[in-house]
Amino acid sequence: MSERPLRVRFAPSPTGPLHMGGVRTALFNYLFARRNGGTFILRIEDTDQVRYVPGAEEYIIESLKWCGLHYEEGPDVGGPYAPYRQSERKAIYRQYADKLVADGHAYYAFDTPGELEAIRKDFESRKLTFSYNAEERKKLKNSLTLPASEVETNLKNGVPYVIRFRIPENEEIVMHDIIRGEVRVQSSTLDDKVIFKADGLPTYHLANVTDDYLMKITHVIRGEEWLPSLPLHVLLYRYLGWEKEMPQFAHLPLILKPNGQGKLSKRDGDKLGFPVFPLFWKDPDNGETSSGYRESGYFSEAFVNMLAFLGWNPGTEQEIFSLDALVNEFSLERVGKSGARFDPEKTRWFNHQWLISRDTEQLTGLFVKLLHEKGIHKPEEYIRKTVEMLKERAFFVRDFWEQGAYFFQAPATYDESVIKKRWSPEMAALLKELTVRFSSFEPFLAENIKSNIHSLAEERKANFGNLMNCLRLCMVGSSMGPDLVQLCEMLGREEVNTRIDKALAEIRI
Ligand code: GLU
């Protein structure tokens, strides 16, 4: 472990809504920083102007806030290494590209996009894949092949160029990853990546490494998709003379589709019926929308809890962890390297667990809000009781409505299969009689309600259970729902009788 103060960063590119895999990366960085008394930083990597999407940065910030992933330094809060938005750091990068060129580790390449495209096509036609590598660069238009005078004239005349990193020939690059251990790569398998573009901006690689160095980042924790970039990053540190300050790397395992087949993609979500984004997103270009966990009724705690288990485990049976509890337990040693399968059912289960652990007051407040949106106003005490009765079976706050609308309105339809099985003219007559009985006693409480149904069934030699089922059909519209006499007590005499009359008028056999 390095002696320097521990600093980690989450460095998303604002190219669209933040995928849940991105939130997982942010979470692991956050947990690692908190666990080890370090600093967590947000840096926006927006040097690719073509892929920049308006609103994406705000979306990233709001997502982190929703999850409770507080960062000490970032574009909106500043910090000692500001600015934290790469587009505002443009002037910084060029000198490092120049240094690499001067030292022979990078070169100017004048090949036009059209020329490269033609070469690529030619390779394809020969069933080969073109790569601007140590072999091919010898045949292309760059400062390694052109006479020095021509290079100079080109530069003077403003001929467009990019700067490419010169991958060393025939070298084994040995790297260390906290999660994967030693990783070795032959330099001949690598290509000469562009590090500085014709538009005067660095590419991801140069900007990322430079900023990690300047911002004194000690650990880079990011997704596995960046592992192929690691050899280049390690070489950049080496040739820029920063090897001593090079951060340690940890590449998090891929998040796999629910069936375990391949990486979970942005397109999987709404196709398979679950969100892959933390928040709702509307694409500013085409208006396409994507659902988010927040708007789908998930508690942020459940979302975070689920994300933590995508690659990490506590080594015990415990599954429910708050953010603080995760901070106490988290270590990169407990992050695996094999892909983590995303399970939407388990995610719902996490939400259920977080819902039942919420206190009734809080859930009541959320449900009141939902009811108000539907124009339903009832005393808070009444709503609290419904929450108490429905809580154990609910996965989301909206389930209180979806499973308990009958607490607030008479059923609109009646379950045909229950009618077939239970309803009869005899039962209808008994229910009519019940409305009379229900008007005859005080107070209208569960116990009294029950004894009156009992005595009526006994006097008329009718099946008590069947009568209860028919009464339930009148109140709820189906055979579901909570304790029936308790429900009747809550609805009150008048509503109970109205519902019986409504059912008697509407149910035909
Ligand atoms: N900007 C990169 C991204 O969008 C950052 C990768 C890294 O963490 O190095 O994920």
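Refer to the structure presented above.
Residues numbered from 1 in each chain as written. Predicted model: local features only at pLDDT ≥ 70, side-chain atom pairs only at ≥ 80, totals over all residues. Heavy atoms only, no water.

Novice: In this structure, what is going on with the overall build of the chain? I would like to understand it.
Specialist: When you go through the chain residue by residue, the secondary structure sums to 20 helices and 13 strands. With the C-alpha coordinates of the chain rotated into their principal frame, the extents come out at 110 × 55 × 35 Å. Taking all 509 residues of the chain together, the buried fraction comes to 51%. Partitioning the intrachain contacts of the chain with sequence separation of at least 6 by distance along the chain shows that 72% fall at a separation of at least 24. As presented, the chain carries roughly 24,100 Å² of accessible surface, and 50% of it is formed by carbon and sulfur atoms. Taken as two groups, the 67 positive and 73 negative side-chain charges of the chain have centres that lie 2 Å from each other. (Helix = DSSP H or I, 4+ residues; strand = E, 2+ residues; numbered from the N terminus. Buried < 20%, exposed > 50% of the residue type's maximum accessible area, 1.4 Å probe, protein only. Contact = heavy atoms within 4.5 Å. Areas by Shrake-Rupley, 256 points an atom, 1.4 Å probe, with all protein chains shown as cover. Lys, Arg positive; Asp, Glu negative; His and termini not counted. Charge placed at Lys NZ, Arg CZ, Asp CG, Glu CD.)

Novice: I keep staring at the site of the ligand and nothing clicks. Help me out?
Specialist: Around the ligand, the neighbouring residues are Arg9, Ala11, Pro12, Ser13, Glu45, Tyr204, Asn208, Arg222 and Trp226. Between the ligand and Tyr204 there is a distance of 2.9 Å, counted from an oxygen atom to a side-chain nitrogen or oxygen. Here an oxygen atom of the ligand and a side-chain polar atom of Arg222 are 2.8 Å apart. For the ligand, the accessible surface in isolation is 300 Å², of which the surrounding protein chains cover 86%. Looking at the shell around the ligand, its residues break down into 4 nonpolar, 2 polar and 3 charged. (Near = heavy atom within 4 Å. Polar contact = N/O pair within 3.5 Å; in protein donor to acceptor, adjacent residues only side chain to side chain. Nonpolar A, V, L, I, M, F, W, Y, C, P; charged D, E, K, R; others polar.)

Novice: Looking at this structure, how should I read the pattern of salt bridges?
Specialist: Where charged atoms from two side chains of opposite charge come close, those side chains can pair. Throughout the structure, instances matching the rule amount to 42 salt bridges. Notably, a salt bridge pairs Asp211 with Arg89, separated by 2.9 Å at the nearest N-O pair. With Asp211 in helix α6 (residues 204-214) and Arg89 in the loop between α2 (56-67) and α3 (90-102), this residue pair connects regions lying 122 residues apart in the sequence. Take Asp211: its relative accessible area is 0%, and that puts it in the buried class. Exposure remark for Arg89: the relative accessible area of 4% places this residue in the buried category. Residue Lys432 pairs with Asp501 through a salt bridge whose shortest N-O separation is 3.0 Å. Note that Lys432 is positioned in helix α16 (residues 425-438) and Asp501 in helix α20 (residues 493-506), a separation of 69 residues in sequence. (Salt bridge = Lys/Arg side-chain N within 4 Å of Asp/Glu carboxyl O.)

Novice: Looking at this structure, I do not really get the side chain of Thr218. What am I missing?
Specialist: Tracing the backbone shows Thr218 in the loop between α6 and β8 (219-223). A polar side-chain atom of Thr218 sits 2.9 Å from a polar atom in the side chain of His219.

Novice: Please clarify how the environment of Ala207 should be interpreted in this entry.
Specialist: Structurally, Ala207 can be placed in helix α6. With relative accessibility at 0%, the residue Ala207 sits in the buried group. For Ala207 and Gly22, which are 185 residues apart along the polypeptide, the C-alpha to C-alpha distance reads 19 Å. Setting aside anything within four residues of it in sequence, one finds Ala207 in contact with Thr47, Gln86, Tyr93 and Pro202.

Novice: Would you mind showing me how to read the packing of α16 against α20 here?
Specialist: When two helices pack together, their arrangement is given by the angle between the helix axes and by the axis-to-axis distance. Between α16 and α20, the least distance of the axes is 10 Å, while the angle of their chain directions is 160 degrees. As judged from the angle between their axes, α16 and α20 are roughly antiparallel. As for how α16 packs across α20, the hand of that crossing is left-handed. Between α16 and α20, the residues in contact are Ala428, Leu431, Lys432, Thr435 and Phe438 and Arg493, Val496, Asn497, Ile500, Asp501 and Leu504, respectively. (Axes fitted to C-alpha atoms, helices over the stretch in contact; angles between N-to-C directions. Parallel < 35°, antiparallel > 145°, perpendicular 65-115°, else oblique. Left-handed = near helix turned anticlockwise from the far one by under 90°.)

Novice: Help me understand the environment of Gly104, please; the structure alone is not making it clear to me.
Specialist: Mapped onto the elements of the fold, Gly104 is located in the loop between α3 and β3 (106-109). The exposure class assigned to Gly104 is partly exposed, which follows from its relative accessible area of 29%. Each C-alpha atom, one on Gly104 and one on Phe165, is 9.3 Å from the other, the two residues being 61 residues apart in sequence.

Novice: What exactly am I supposed to notice about the sheet that holds strand β7 (residues 194-196) here?
Specialist: Adjacent strands of a sheet form backbone hydrogen bonds with each other and so pair up, either parallel or antiparallel. Strands sit in the order β3-β4-β7 across an open sheet of 3 strands; the sheet is antiparallel. One side of each edge strand has no neighbouring strand; the edge strands of this open sheet are β3 and β7. Neighbour to neighbour, the strand axes of the sheet diverge by 45 degrees on average, direction disregarded. (Pairing = 2+ DSSP bridges.)

Novice: I would appreciate a short explanation of the pairing of strand β2 (residues 39-42) in the present structure.
Specialist: As a general feature of sheets, a regular strand has side chains that alternate between the two faces. Summarising the sheet, strand β1 (residues 7-10) and β2 pair through 4 bridges and their orientation is parallel. Residue pairing in the sheet places Arg9 in a bridge with Ile41 of β2.

Novice: Help me out: how do you make sense of unusual backbone geometry in this one?
Specialist: Trans peptide bonds make up most of the peptide bonds, and negative phi angles are found at most residues other than glycine. Following Ala82, the chain continues to Pro83 via a peptide bond in cis, the omega torsion being 0 degrees. Looking at the element boundaries, Pro83 is found in the loop between α2 and α3. One non-glycine residue, Lys216, lies in positive phi territory at about 55 degrees. Among the secondary structure elements, Lys216 is positioned in the loop between α6 and β8.

Novice: How do you make sense of the nonpolar core when you look at a structure like this?
Specialist: Grouped burial of nonpolar side chains is what soluble globular proteins tend to show. Formed by 117 residues in total, the largest nonpolar core has its most connected members in Met20, Phe367, Trp423, Leu431, Phe438, Leu471 and Met475. Sort the elements by how many residues they give to this core and helix α1 (residues 20-35) lands first, with 9 residues. Listed in part, the 39 residues of the second largest apolar core include Ile163, Leu206, Leu235 and Tyr237. (Core = buried A, V, L, I, M, F, W, Y, C linked by side-chain atoms within 4.5 Å.)

Novice: Where do I start with the state of the cysteines in this structure?
Specialist: Each disulfide consists of one covalent bond between the sulfur atoms belonging to two cysteines. With the rule as written, the count across this model stands at 0 disulfides. There is no disulfide at Cys470, and the cysteine sulfur nearest it, in Cys474, is 7.0 Å away. In this structure Cys470 comes out as buried when scored by relative accessible area, which is 1%. (Disulfide = S-S within 2.5 Å.)

Novice: Help me understand the side chain of Glu45, please; the structure alone is not making it clear to me.
Specialist: By the element assignment, Glu45 lies in the loop between β2 and α2. Residue class for Glu45 comes out buried when judged on its relative accessible area of 5%. Among the polar contacts made by the side chain of Glu45, one reaches the side chain of Arg43 at a distance of 2.7 Å. Glu45 has contacts with Ala11, Pro12, Ser13, Pro14, Gln86, Tyr204 and Asn208, leaving out every residue within four places of it along the chain.

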